[in-house]
Amino acid sequence: MKNKNMFGAIALIVIGIVFGAVLVSGFGWVRPSLADITIGAKKPPVTDVDASAFSKAFIEVAEKVTPSIVRINVKSKTDKNPHDDFFFPFFKDMIPKEQLGSGSGVIITEDGYILTNNHVVEDASKIQVQLLDQRNLDATVVGTDPQTDLAVIKIDASGLPSAYLGNSDDAKVGQWVMAIGNPYALNSTVTAGIISAKGRNIGILKGVSSIEAFIQTDAAINPGNSGGALVDLTGAVVGINSAIASGGTGSYIGYGFAIPINIAKTVAKEIIANGKVNRGYIGVNITPVDAALAKAVGLDRAKGIMVQGLLEKGSAEKAGIKEGDIILKIDGKEVNQPNELQSYVASKTAGTSVNLTLWRDNKEIEKSVTLKARDVDENVKTVKNNEVEGNFKKGSSNTLTFDSIGLTVSDLSEADKETYKVENGILITDVQTLSRASDQALGQGLVIISVDKKKIDSVDEFDNIIKNKKGKAILLKVVDAKGTSRLVGLDLPK
């Protein structure tokens, strides 16, 4: 009996121990205290110090640069009639006499000079600037430059946080940038992206003297961002935000465009000093060099830009530059698109000398050009690349078709010579689609007046050249009925 009691006591002790263990471990029956709860992993999945520093760079740039970005509120007069002419007399008193708009600006001096877009302040009757500290100050326009869509305005203030203006030439495609401005009246908005391309010409500025070499970015830019800053991760302003690709929506769908700060710095200094821009120019009509043109002039690859014509008494003509020269470099900087040369020259003032590296007669030569001031009323003749306007007469019966290049030409009649005001040449009477000739924008009605810089007088001469130059490329000079000429390369099959 005693053994049974002892066994029972031991069993009770074991049961008690097990029950106590259950209570201690919980099994969900006992809630732990708040201090005992641990949620999430014990350490972050990425402990790379560089990643942390990368994130911190965005934060620091936003903190440092945002005080230099202002909101610009504009009131402008409007004469627009939103009603049909028939109803206008009845509703003329309802037409708003003024319209309101807003944009952004970048403080560039401590005493109140602000850089923005021309289209932000154009036709403004009143301009007010709102600073980050919520002060609202009246502003006046110091000067504008429609050719680059830039303007400088001034507020009466001191001790302002001016932005650091960097070097847009050093900006690289793929580089991280931030756009800071006031889209949709949302003050001090910061977005980020990369530089998607440089030297973009998107055709939004009107006039033969307009300069477009935009920095393209996928940092979100919307209405109200105009005039704001595009900055790199050191906080340096590399561009002034100016336009968006909206697909007709008027809002951001992928790409924005900024004016390179190197152009903006020159414009701003000129406006502050003189109230206007005394821009220098070379005085050349230029086009890109394609593979056929490069082959025709003896270049190893397509590079540089071709001089199609010179302005009479311009800087280039005075410096000895000739039609047909290929500009390879300016001040040692390679140029392969017309707007690359234009934007570089736009960063220089009249009277400045630049050095051009040219390709002429199968060798490189150097020419120094002193930039002249452009006359605002000067009408610079532009080069047409394709269509020919005006009537033309078919040439003589001596006509040949070259199927290998898709070109039909005929001898010039005396009437043709009078129409085109030329003494020699052959007339293009047909161009086949998807041919070598059509690829080079040669069209019906153009006159070929020279081949490889030598005058041509007949179709027979042209036929001999084509036969003797198989597998090579030839340089044609063509002219239209308006007298506009251009040089074009034509690659010949073997």
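Residues numbered from 1 in each chain as written. Predicted model: local features only at pLDDT ≥ 70, side-chain atom pairs only at ≥ 80, totals over all residues. Heavy atoms only, no water.

Backbone-to-backbone hydrogen bonds join strands into a sheet, with any given pair of strands oriented parallel or antiparallel. The 6 strands are arranged S7-S8-S9-S12-S11-S10 in a closed barrel whose pairing can be described as antiparallel. Between one strand axis and the next, the sheet turns through 45° on average, direction left out of account. Pairing of strand S7 (residues 176-181) with strand S10 (residues 229-232) involves 4 bridges; the strand directions are antiparallel. In the sheet register, valine 177 faces S10, and the bridge partner there is aspartate 232. Strands in contact with helix H5 (residues 261-274) are strand S11 (237-245) and strand S12 (255-260); relative to S12, the strand with the most contacts, it is inclined by about 45°. (Pairing = 2+ DSSP bridges. Helix = DSSP H or I, 4+ residues; strand = E, 2+ residues; numbered from the N terminus. Axes fitted to C-alpha atoms, helices over the stretch in contact; angles between N-to-C directions. Contact = heavy atoms within 4.5 Å.)

The next thing to look at is helix H11 (residues 459-468). Turning to H11, its buried residues are Val459, Phe462, Asp463 and Ile466. Across the axial projection of H11, the buried residues extend over an arc of 105°, all falling on one side. At its buried positions, H11 is contacted by strand S21 (399-402), strand S22 (407-411), strand S23 (426-431), strand S24 (447-451) and strand S26 (473-479). (Buried < 20%, exposed > 50% of the residue type's maximum accessible area, 1.4 Å probe, protein only. Arc of directions from axis to C-beta.)

Next up on the list: the sheet that holds strand S6 (residues 150-155). In space, the 6 strands of this closed barrel follow the order S1-S2-S3-S6-S5-S4, with antiparallel pairing throughout. Across the sheet, the mean angle from the axis of one strand to that of its neighbour is 40°, orientation sign disregarded. Taken together, the 6 bridges between strand S5 (residues 136-145) and S6 define a ladder with antiparallel strand orientation. Bridge assignment links threonine 144 to a residue of S6, and that residue is alanine 151.

For residues with low pLDDT, the predicted coordinates do not support detailed interpretation. Taken as a whole, the protein chain shows an average pLDDT of 84; of its residues, 79% reach a score of 70 or greater. Scored below 50 in pLDDT, residues 82-92 makes 6 contacts in the model with residues more than four places away or belonging to other chains. For residues 376-396, every residue scores under 50 in pLDDT, and the model assigns this stretch 53 contacts once sequence neighbours within four places are set aside. (pLDDT = per-residue confidence, 0-100.)

Moving on: the nonpolar core. With 30 residues, the main nonpolar core has Val106, Leu115, Leu150, Val231, Val237 and Ile240 as its most contacted residues. If you list the elements that add at least two residues to this core, you get helix H2 (49-65), strand S3 (113-116), S6, S7, S10, S11, S12 and H5. A per-element tally of this core places H5 first, with 6 residues. Once residues within four sequence positions are removed from consideration, valine 237 is found in contact with Ala163, Tyr164, Leu165, Gly166, Ala229, Leu230, Val231 and Ile261. One finds Ile405, Ile428, Leu442 and Ile474 within the second-largest nonpolar core, a separate group that totals 22 residues. (Core = buried A, V, L, I, M, F, W, Y, C linked by side-chain atoms within 4.5 Å.)

On to the environment of valine 307, then. For valine 307, the location among the structural elements is in strand S15 (residues 305-310). Of the residues examined, valine 307 reaches a relative accessible area of 0% and is grouped as buried. Ignoring any residue separated from it by four or fewer positions in sequence, one finds valine 307 in contact with Val284, Asn285, Ile286, Ile321, Lys322, Glu323, Gly324, Asp325, Ile327 and Leu487.

Turning next to the side chain of arginine 71. By secondary structure assignment, the location of arginine 71 is in strand S1 (residues 69-77). Engagement of the side chain of arginine 71 in a polar contact is seen with the side chain of asparagine 73, the distance being 2.9 Å. Here the side chain of arginine 71 touches asparagine 187 through a polar contact of 3.3 Å, side chain to side chain. Beyond its immediate chain neighbours, meaning those up to four positions away, arginine 71 contacts Ser102, Gly103, Gln128, Val129, Gln130, Asn182, Ala185 and Asn187. (Polar contact = N/O pair within 3.5 Å; in protein donor to acceptor, adjacent residues only side chain to side chain.)

With that out of the way, let us pick up the packing of aromatic side chains. Two measures describe an aromatic ring pair: the distance that separates the ring centres and the angle between the ring planes. Using the criterion set out here, one finds 5 aromatic pairs in the structure. Each ring, one from phenylalanine 58 and one from tryptophan 176, has its centre 5.6 Å from the other, and the planes form 85°; the classification is edge-to-face. Note that phenylalanine 58 is positioned in helix H2 and tryptophan 176 in strand S7, a separation of 118 residues in sequence. We classify tryptophan 176 as partly exposed; its relative accessible area is 38%. Ring centres 5.4 Å apart and planes at 85° place the aromatic pair phenylalanine 402 and phenylalanine 462 in the edge-to-face group. Within this pair, whereas phenylalanine 402 is found in strand S21, its partner phenylalanine 462 is found in helix H11, the two being separated by 60 residues in sequence. Of the residues examined, phenylalanine 462 reaches a relative accessible area of 0% and is grouped as buried. One aromatic cluster is present, built from ring pairs that chain together Phe54, Phe58 and Trp176. When the ring centre of tyrosine 113 is taken as origin, the NZ or CZ atom of lysine 154, which lies over that ring, is 5.3 Å away. (Phe/Tyr/Trp six-rings, centres within 6.5 Å; stacked < 30°, edge-to-face > 60°. Lys NZ or Arg CZ within 6 Å of the ring centre and 35° of its normal.)

Now for the pattern of salt bridges. Going through the model one piece at a time under the given rule, you end up with 12 salt bridges. Taking the shortest distance from any N to any O, the salt bridge between glutamate 60 and lysine 56 comes out at 3.8 Å. Here glutamate 60 pairs with lysine 56, and both are found in helix H2, just 4 residues apart, close to one helical turn. The partner of lysine 469 in a salt bridge is aspartate 452, and the shortest N-O contact between them spans 3.4 Å. On the criterion of sequence distance, the pair formed by lysine 469 in the loop between H11 and S26 and aspartate 452 in the loop between S24 and strand S25 (454-455) is long-range, its members being 17 residues apart. (Salt bridge = Lys/Arg side-chain N within 4 Å of Asp/Glu carboxyl O.)

Among the structural elements, serine 168 can be located in the loop between S6 and S7. The exposure class of serine 168 is buried, given its relative accessible area of 3%. Ignoring anything within four residues of it in the chain, the contact list for serine 168 reads Lys198, Ile215, Val238, Pro260, Ile261 and Asn262.

Turning next to helix H8 (residues 338-346). Most of H8 sits inside the fold, with 7 of its 9 residues counted as buried. Burial in H8 covers these residues: Pro338, Asn339, Leu341, Ser343, Tyr344, Val345 and Ala346.

It is worth spelling out the pairing of S12 at this point. Counting buried positions along S12 gives 5 out of 6 residues, so the element sits mostly inside the fold. The pairing of strand S9 (residues 214-217) with S12 spans 3 bridges and is antiparallel. Among the inter-strand pairings, glutamine 216 is bridged to a residue of S12, identified as phenylalanine 257. Bridge count between S11 and S12: 6 bridges; the pairing is antiparallel. Along S12, the bridge assignment pairs isoleucine 244 with glycine 256.

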